[in-house]
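# Breakdown of the fold
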Amino acid sequence: MKDSLRQQFERLALRLSELDATLADPGVAGDMKRYRALSREHAEVAGLVERFRRFEQRERDLVDAQQMATDPEMAELAQQEITEARADAARLDLELQTALLPRDPDDARNAFLEIRAGTGGDESALFAGDLARMYLRHCERRGWKSELMSESVSDLGGYKEVVIRIEGEDVYARLKFESGGHRVQRVPVTETQGRIHTSACTVAVLPEPDAAEEVTLNPAELRIDTFRASGAGGQHVNKTDSAIRITHLPTGIVAECQDDRSQHRNKAKAMAVLTARLRDKDRNERAAKEAATRKGLIGSGDRSDRIRTYNFPQGRFTDHRINLTLYKLQLILDGDLDDVTEALQAAQAAEQLAALEAGEA
């Protein structure tokens with residue numbers, strides 16, 4: 001490990017001592033917002049320091065084993081310990097370097113998940129329904145809360161468009177790589193001759209903005225329309241014009257919400273979605289400029305990118321960005337996305353590390 005990294009972890013150890021003292025102060029517990037922030041920082045720093053201490057211990061174990069190897073009677077045992085200690089130290093070194101990589105400031109946020117049917121007509125809408133179910137099952141597995149914000153149901157089932165709000169720990173960090181074009185290859189229910197068709201949907205994952213950011217929108221640039229909600233939702237749906245559609249006039253970006261009886265609550269939810277879409281537009285424009293000379297491993301986030309293929313005849317799931325192929329399609333569609341998410345996060349971390357090393361060379 002480089003000396004500069006060791007110094008960073010020693011500074012973190014000092015910071016951990018400061019946090020221990022601060023959290024023990026009875027006066028801090030009276031300010032819950034500050035106390036929660038310090039507690040989160042303490043948990044994060046404590047984990048890093050503990051891992052660094054394990055790394056240092058394995059380094060010492062390696063030195064001891066190398067000294068022991070000079071004894072002919074202990075050489076075989078020492079060689080085994082040398083191999084294990086080196087492997088552990090290398091693994092911990094990589095984990096520690098990865099942990100110090102700059103995090104996306106939006107990673108800890110909740111998110112809006114948008115799914116839209118694309119090419120393929122009714123089959124595309126059915127696939128959009130399958131994707132929505134996959135993500136909702138994944139939310140259940142991770143203990144996240146989900147809330148339907150708006151939906152446009154197709155004639156045969158599924159969705160022309162659906163927007164879901166997801167709340168939980170590190171939602172955006174784990175779902176942000178889902179943005180892009182998702183392609184399905186299967187025999188549609190409407191196909192009478194058993195031919196395999198290809199259809200597509202687009203998925204967009206937007207970080208939920210802070211409530212304070214919503215007030216930055218200029219009311220003069222918004223058109224707010226009320227309309228009668230449609231689709232499932234109970235008898236009250238057809239009796240009140242409680243659904244809200246908000247249009248941001250300078251960009252033409254639209255958001256709507258119809259899931260609540262309260263027009264006021266629907267307006268607040270639609271405003272949150274609109275703000276998230278505007279932030280995402282700015283984010284994508286910045287990313288496009290930064291990627292003008294080099295496209296990143298995970299992709300530009302351009303939703304026209306084909307990122308995934310779900311091949312039903314072969315039971316195959318492929319993420320084209322990192323050449324990941326898994327033959328457990330049904331498990332993935334049932335919400336088992338952890339292997340996929342972790343592979344994408346690892347690929348991004350590897351790219352960031354390579355970029356840092358190239359910059360230091």
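Here the structure is a predicted model, which is why all the values come from computation and not from measurement. (Residues numbered from 1 in each chain as written. Predicted model: local features only at pLDDT ≥ 70, side-chain atom pairs only at ≥ 80, totals over all residues. Heavy atoms only, no water.)

As a further point, take the overall build of the protein. Along the protein, the regular secondary structure elements total nine helices and 11 strands. Split into buried and exposed, the 361 residues of the protein put 39% on the buried side. Here the contacts in the protein between residues at least 6 apart in sequence split such that 62% fall between residues at least 24 apart. (Helix = DSSP H or I, 4+ residues; strand = E, 2+ residues; numbered from the N terminus. Buried < 20%, exposed > 50% of the residue type's maximum accessible area, 1.4 Å probe, protein only. Contact = heavy atoms within 4.5 Å.)

Moving on, we come to the packing of helix α3 (residues 32-68) against helix α4 (residues 75-99). Viewed as axis vectors pointing N to C, α3 and α4 meet at an angle of 155°, and their least axial separation amounts to 8 Å. Between α3 and α4, the crossing angle belongs to the class labelled roughly antiparallel. Relative to α4, the crossing made by α3 is left-handed. Residues of the contact of α3 with α4, tallied by class, amount to 13 nonpolar, one polar and 10 charged. (Axes fitted to C-alpha atoms, helices over the stretch in contact; angles between N-to-C directions. Parallel < 35°, antiparallel > 145°, perpendicular 65-115°, else oblique. Left-handed = near helix turned anticlockwise from the far one by under 90°. Nonpolar A, V, L, I, M, F, W, Y, C, P; charged D, E, K, R; others polar.)

One finds Ile115, Leu131, Met134, Tyr135, Ile166 and Tyr310 to be the most contacted residues of the largest nonpolar core, which totals 35 residues. Formed by 19 residues, the second largest nonpolar core is a distinct cluster that contains Ile244, Ile246, Ala272 and Leu278. (Core = buried A, V, L, I, M, F, W, Y, C linked by side-chain atoms within 4.5 Å.)

Read across the open sheet, the eight strands follow the order β2-β3-β1-β5-β4-β9-β10-β11; overall the sheet is mixed. A strand with exactly one partner marks an edge of an open sheet, and here the two such strands are β2 (145-153) and β11 (324-326). The mean inter-strand angle of the sheet, taken between neighbouring strand axes irrespective of direction, is 15°. Relative to strand β5 (residues 197-207), strand β4 (residues 180-186) runs antiparallel, the two sharing seven bridges. Note on β5: the bridge partner recorded for Gly180 is Val203. Packing of helix α5 (residues 121-142) onto the sheet brings it into contact with β1 (111-117), β2, β3 (159-167), β4, β5 and β9 (306-311), and relative to β4 it is tilted by some 110°. (Pairing = 2+ DSSP bridges.)

For the pair helix α1 (residues 3-23) and α3, the least separation of the axes is 9 Å and the interaxial angle reads 140°. Classified by the angle their axes make, α1 and α3 are oblique. Here the hand of the crossing between α1 and α3 comes out left-handed. Among the residues forming the contact of α1 with α3, the class breakdown is 14 nonpolar, three polar and nine charged.

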